[in-house]
Number of protein chains: 2
Amino acid sequence: MFSQTVEYALRATVHLADCAPAARTTEQIARATKVPAPYLAKVLQGLKRAGIVRSQRGIGGGITLAKEPEALTILEVVNAVDPIRRIRTCPLGLASHGEHLCPLHRRLDNALASVEEAFRKTTLAEVLADPNPSIPLCDFPGARGGPEVAAGAETS
Amino acid sequence: MFSQTVEYALRATVHLADCAPAARTTEQIARATKVPAPYLAKVLQGLKRAGIVRSQRGIGGGITLAKEPEALTILEVVNAVDPIRRIRTCPLGLASHGEHLCPLHRRLDNALASVEEAFRKTTLAEVLADPNPSIPLCDFPGARGGPEVAAGAETS
DNA sequence: ACAATAACGGATTTCAAGGTCTTGTTTTCC
DNA sequence: GGAAAACAAGACCTTGAAATCCGTTATTGT
């Protein structure tokens, strides 16, 4: 239902929100979110082009959110990498229907609308502040800020 | 968001519901719903395996719904060809979370749940009975039963 | 200036969904 | 029984998402 790219983009931005306003390298984000690093780099490029994140090259550089977690919604992230395509015209190409969708597509679009609405109403800050008994992001139990493993000679 | 296969399966079943209890050939359905006939045949095979439709070979044969339109929901059709995959365990594979999803995936799954619920509550009969100003299925304005074009030497 | 760090960009590969085509197999009608 | 109608099943092609790889460019620290 949701593409892998969307899943990865959300993991990355939620992680960045959790670390905000500090910058994280692609490698760090990949490790924390268990996303393949080379592909994550691609996804992050897309997020940058959409103005969701900023990047800084060189030593001490990395990726940061372009907005406050309180002002960034799930919908913005989703639409940046794989937009929710609402049904606006009859998929059959029937010119008969101007504005109006047929009953079937009206219902399909309503479902899309409800998803869109739910995503529009949720900010990354809200996700992090959730009083969920489990875990902040999907990291480790009670690991606010991340495990921050030694980051070298550990992948063997 | 929804796959092409789902779109095609829904068009076909709604059309069949509109014609019920008469049988329609794959060709007839393809023409009425503007779906590529060879691929529609595959989709219909899937629907048959799932028990949504029945098929009858030979002259006068074709496809019919296996249930009354009043008893067949959109969700059943969708799940027959491309099931809605609810998020039941942490996609990161974190054993830390038994039942509980993290706040992010909780929200994603809630969105899926709302779609599932909307689809579960809607039967094909309801779709057809919709007092929509536009059109019954996506066919032609006020064309209950289909246009039924001459069906030969017309594709040139 | 030089080296290390890290993002950037393009080329390539992999894989499954979407779509086509051809060859059976069943059923009906004459 | 034979011909036509229709579904069934598998091989095959195409396309785009997902993922990888490698060389380039920008930035920082010494």
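Just so it is clear, the structure is predicted and the values come from calculations on it, not from any experiment.

What counts and how
- Residues numbered from 1 in each chain as written.
- Chains lettered and ligands numbered in written order.
- Predicted model: local features only at pLDDT ≥ 70, side-chain atom pairs only at ≥ 80, totals over all residues.
- Helix = DSSP H or I, 4+ residues; strand = E, 2+ residues; numbered from the N terminus.
- Buried ≥ 20, exposed ≤ 12 C-beta atoms within 10 Å, placed from the backbone.
- Contact = placed C-beta atoms within 7 Å.
- Axes fitted to C-alpha atoms, helices over the stretch in contact; angles between N-to-C directions.
- Parallel < 35°, antiparallel > 145°, perpendicular 65-115°, else oblique.
- Left-handed = near helix turned anticlockwise from the far one by under 90°.
- Nonpolar A, V, L, I, M, F, W, Y, C, P; charged D, E, K, R; others polar.
- Pairing = 2+ DSSP bridges.
- Near = placed C-beta within 6 Å.

Chemist: Let's hear about the overall build of chain A: which residues, and what values?
Modeler: Looking only at helices and strands, chain A features six helices and two strands. The linear arrangement of helices and strands in chain A, starting from the amino end, is α-α-α-β-β-α-α-α. Taking all 156 residues of chain A together, the buried fraction comes to 40%. For chain A, long-range pairs separated by at least 24 residues make up 64% of all intrachain contacts whose partners lie at least 6 apart in sequence.

Chemist: Can you lay out the packing of helix H1 (residues 4–19) of chain B against helix H4 (residues 74–81) of chain B for me, pointing to particular residues and giving the numbers?
Modeler: Residues and elements named next belong to chain B. The contact between H1 and H4 brings their axes to 9 Å, and the two run at 135°. Classified by the angle their axes make, H1 and H4 are oblique. Between H1 and H4 lies a crossing of right-handed hand. Seen from H1, the contacting residues are Thr5, Val6, Ala9, Leu10 and Thr13; seen from H4, they are Ile74, Val77, Val78, Ala80 and Val81. Considering only residue class, the contact of H1 with H4 consists of eight nonpolar, two polar and no charged.

Chemist: Which residues make up the pairing of strand E1 (residues 53–56) of chain A, and what are the values?
Modeler: All names here are of chain A. Across four bridges, E1 lies against strand E2 (residues 62–65) in antiparallel orientation. Residue pairing across strands places Gln56 opposite Gly62, the latter belonging to E2. The turn linking E1 back onto E2 is made up of five residues, and Gly58 within it adopts a positive phi angle of 80°.

Chemist: Give a description of the protein's contact with DNA strand D that names residues and reports values.
Modeler: Surrounding DNA strand D, one finds 24 residues, the nearest of these being Ser3(A), Thr5(A), Pro36(A), Gly58(A) and Ser55(B). Elements represented by at least two residues in the surface near DNA strand D include exactly helix H1 (4–19) and helix H3 (37–49) of chain A together with helix H2 (26–33), helix H3 (37–49) and strand E2 (62–65) of chain B.

Chemist: Give a detailed account of unusual backbone geometry, specifying residues and quantitative values.
Modeler: Residues and elements named next belong to chain A. Here the amide bond leading from Ala20 into Pro21 is cis, since omega sits at 5°, within 30 degrees of zero. Mapped onto the fold, Pro21 is located in the loop between H1 and helix H2 (26–33). Although it is not a glycine, Lys34 adopts a positive phi angle of roughly 55°. In this structure, Lys34 sits in the loop between H2 and H3.

Any functional reading would require information that these geometric values do not contain.
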